[in-house]
Amino acid sequence: MTVLAAVDLGASSGRVMAARVDGDRIRLAEAARFPNRAVPVHGRLHWDVLGLWSGILDGLRAVGEAVAVGVDSWAVDYGLLDADGRLMGNPVCYRDARNAPARDRLLAALDPADLFARTGIQHQPFNTVFQLAAEDPAALDRADRLLLIPDLIGYWLSGASACEATNASTTGLVDQGTGTWGHEWCSAAGFRADLLGAITPTGTVLGPVLPEVAAATGLGPSTAYIATASHDTAAAVAAVPYEGDRAAYISCGTWSLVGVERNAPITSPEALAAGFTNERSADGAIRFLRNVAGLWLLSESVDTWRRQGLDVDLGDLLAGAGRCERLRSVVDPDDVRFADPGDMPGRVRAYCAETGQPVPETPAAVAACVLDSLALAHRRALDDLEALTGEAVETVHIVGGGANNALLCQLTADATGRTVLAGPDEATALGNALVQAQALGLIAAGPDARRAAARASARPRRFEPRGPQDPWVRAAARLPSAAVA
């Protein structure tokens, strides 16, 4: 069987997967997993990108020979390189506090409605355009080029400087009409447009890995580096095993990305007000979606309890949450108080107290509150999605790590009144590998062939809605809702 190496970098961990192409299916095996963490230094939150690089080399060494390698990661963050191609400093994490003030300053100088109409990207403070508006001007003057995180890793692997299309689309700097960089936005943000390289089509074979990489990892000297769908959500959506029309996806991990794929963006004022965004799919279509805070609230809660000395087992925690009274207390996961690292259980309790709800005291009660609230957020996003597209959603595919959370999958089915199909849980790595396989002609071209390969590679678990909708309707009324006409 042909082996591909899929490097998948998330906000809390990275891994290298060996993807074995077996006819029309792909079998994944984890070769290595390593932590990823944002490190505070002198008031800035940085990524330990060299730690990631070390983990990637170890993982590729564990894979051994592979015909190709591709990299996906979270979006928007970047590294600045000097004229000699050297990284000028550790990339700043998208959760850094510098971004929100810069966003507000830039939007005061631009027309927010026009910016959304032309880029299709929601005005999130972590967007690359706002991060660059917050960047040190001296660093921008010294820089020779900017590379988004997966492209930076690809540059270190192959020497090829690229800006892959799915990730480029998340920056808030690409004109949806032309598919090119908007130079006027670069100027407004205070940096030279020539820092951005040409946008590289998804699935482009960029050449062999560097000789020193081949020597350090055991990869063959002819191993190809492929610009796969380098935005992790685009990779995950590339592996959604759709079984029919009228289906939406939730790529569920640190974030829950709730959306559908369309042929054209929706950039109406209603879409802007409702918090939806338009990003590129692997095939050039549009992923119309809303970012929901996702399992970040639960993972930060677990980290907090462990820092406090509690011995928290995730399986036991979810079992306890499943036994709790449903919808006793709910929070809005997208409230700004939940955005930053820290004492998440304390923030959940404070929100409940401020809104006159019972305060969850035990870890299981906090977890129940978080998961009920995420299911309600999924419901809200899907209902708004139907209103904005004018198309009914009957089936919801949950992919990514959240597909392993049976309680959340069942609660999402219950809250939305829709069938949930959960899996693949390794959707990001699978989509990464599927795009590579198509680039090499190992799988037939086109989205239909890729979906068929995704279905052959992973069988989703089915969750049907249980119980009446009335309790969820009443609980939803406790939370704010986006204004959708």
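Keep in mind that this is a model prediction, so the values were computed, not measured.

What counts and what doesn't
- Residues numbered from 1 in each chain as written.
- Predicted model: local features only at pLDDT ≥ 70, side-chain atom pairs only at ≥ 80, totals over all residues.
- Heavy atoms only, no water.
- Axes fitted to C-alpha atoms, helices over the stretch in contact; angles between N-to-C directions.
- Helix = DSSP H or I, 4+ residues; strand = E, 2+ residues; numbered from the N terminus.
- Parallel < 35°, antiparallel > 145°, perpendicular 65-115°, else oblique.
- Left-handed = near helix turned anticlockwise from the far one by under 90°.
- Contact = heavy atoms within 4.5 Å.
- Nonpolar A, V, L, I, M, F, W, Y, C, P; charged D, E, K, R; others polar.
- Core = buried A, V, L, I, M, F, W, Y, C linked by side-chain atoms within 4.5 Å.
- Buried < 20%, exposed > 50% of the residue type's maximum accessible area, 1.4 Å probe, protein only.
- Pairing = 2+ DSSP bridges.
- Polar contact = N/O pair within 3.5 Å; in protein donor to acceptor, adjacent residues only side chain to side chain.
- Disulfide = S-S within 2.5 Å.

S.K.: Before we go on, may I ask you to explain the packing of helix α1 (residues 49–63) against helix α6 (residues 149–158) in this structure?
M.R.: When two helices pack together, their arrangement is given by the angle between their axes and by how far apart the axes lie. Axis separation between α1 and α6 bottoms out at 12 Å; the angle between their running directions is 55°. Taken together, α1 and α6 sit at an angle that is classed as oblique. You can see that α1 and α6 cross each other, and the crossing is right-handed. For the pair formed by α1 and α6, the contact residues are Val49, Leu50, Trp53, Ile56 and Leu60 on the first element and Leu152, Ile153, Trp156 and Leu157 on the second. In the contact of α1 with α6, the residues fall into 9 nonpolar, no polar and no charged.

S.K.: What exactly am I supposed to notice about the nonpolar core here?
M.R.: Generally speaking, a soluble globular protein has its nonpolar side chains buried in company with each other. Ranked by size, the top nonpolar core spans 61 residues in total, and within it Phe288, Val348, Leu371 and Ile398 carry the most contacts. A total of 14 residues in this core trace back to one element, the largest contributor, which is helix α15 (residues 363–389).

S.K.: Explain the sheet that holds strand β1 (residues 2–9) here, please?
M.R.: Think of a sheet as strands paired side by side through backbone hydrogen bonds, with each pair either parallel or antiparallel. Read across the open sheet, the 6 strands follow the order β3-β2-β1-β6-β14-β13; overall the sheet is mixed. The sheet is open, and its two borders are formed by β3 (25–35) and β13 (204–208), each paired with just one other strand. Pairwise comparison of adjacent strand axes, ignoring direction, gives a mean angle of 25° for this sheet. As defined by bridge partners, β1 adjoins strand β2 (residues 13–22) across 8 bridges and the pair is classed as antiparallel. Counterpart to leucine 4 in the pairing with β2 is alanine 19. Sheet contacts for helix α17 (residues 427–439): β1, β2, β3, β6 (68–73), β13 and β14 (224–227); angle to β1, the most-contacted strand, approximately 135°.

S.K.: Sorry if this is basic, but what is going on with the side chain of histidine 123 here?
M.R.: Checked against the element boundaries, histidine 123 lands in the loop between α3 (112–119) and α4 (128–134). On the basis of relative accessibility, which here comes to 12%, the residue histidine 123 falls in the buried class. Only 2.9 Å separates the side chain of histidine 123 from the backbone oxygen of proline 112, close enough to count as a polar contact. Sequence-distant contacts of histidine 123, defined by excluding residues within four places in its chain, comprise Arg103, Leu107, Pro112, Leu115, Phe116, Phe130 and Leu272.

S.K.: What am I meant to see in the state of the cysteines here?
M.R.: Where two cysteines share a covalent bond between their sulfur atoms, that bond is called a disulfide. Counting across every chain of the model gives 0 disulfides. For cysteine 93, which is in no disulfide, the shortest distance to another cysteine sulfur is to cysteine 252 and amounts to 19 Å. With a relative accessible area of 2%, cysteine 93 lands in the buried category. Not engaged in a disulfide, the cysteine cysteine 186 finds its nearest cysteine sulfur in cysteine 163; these two sulfurs lie 11 Å apart. On the basis of relative accessibility, which here comes to 0%, the residue cysteine 186 falls in the buried class.

S.K.: Is there a simple way to explain the side chain of arginine 287 in this structure?
M.R.: With respect to the helices and strands, arginine 287 occurs in strand β18 (residues 286–292). A polar atom in the side chain of arginine 287 sits 2.9 Å from the backbone oxygen of arginine 280.

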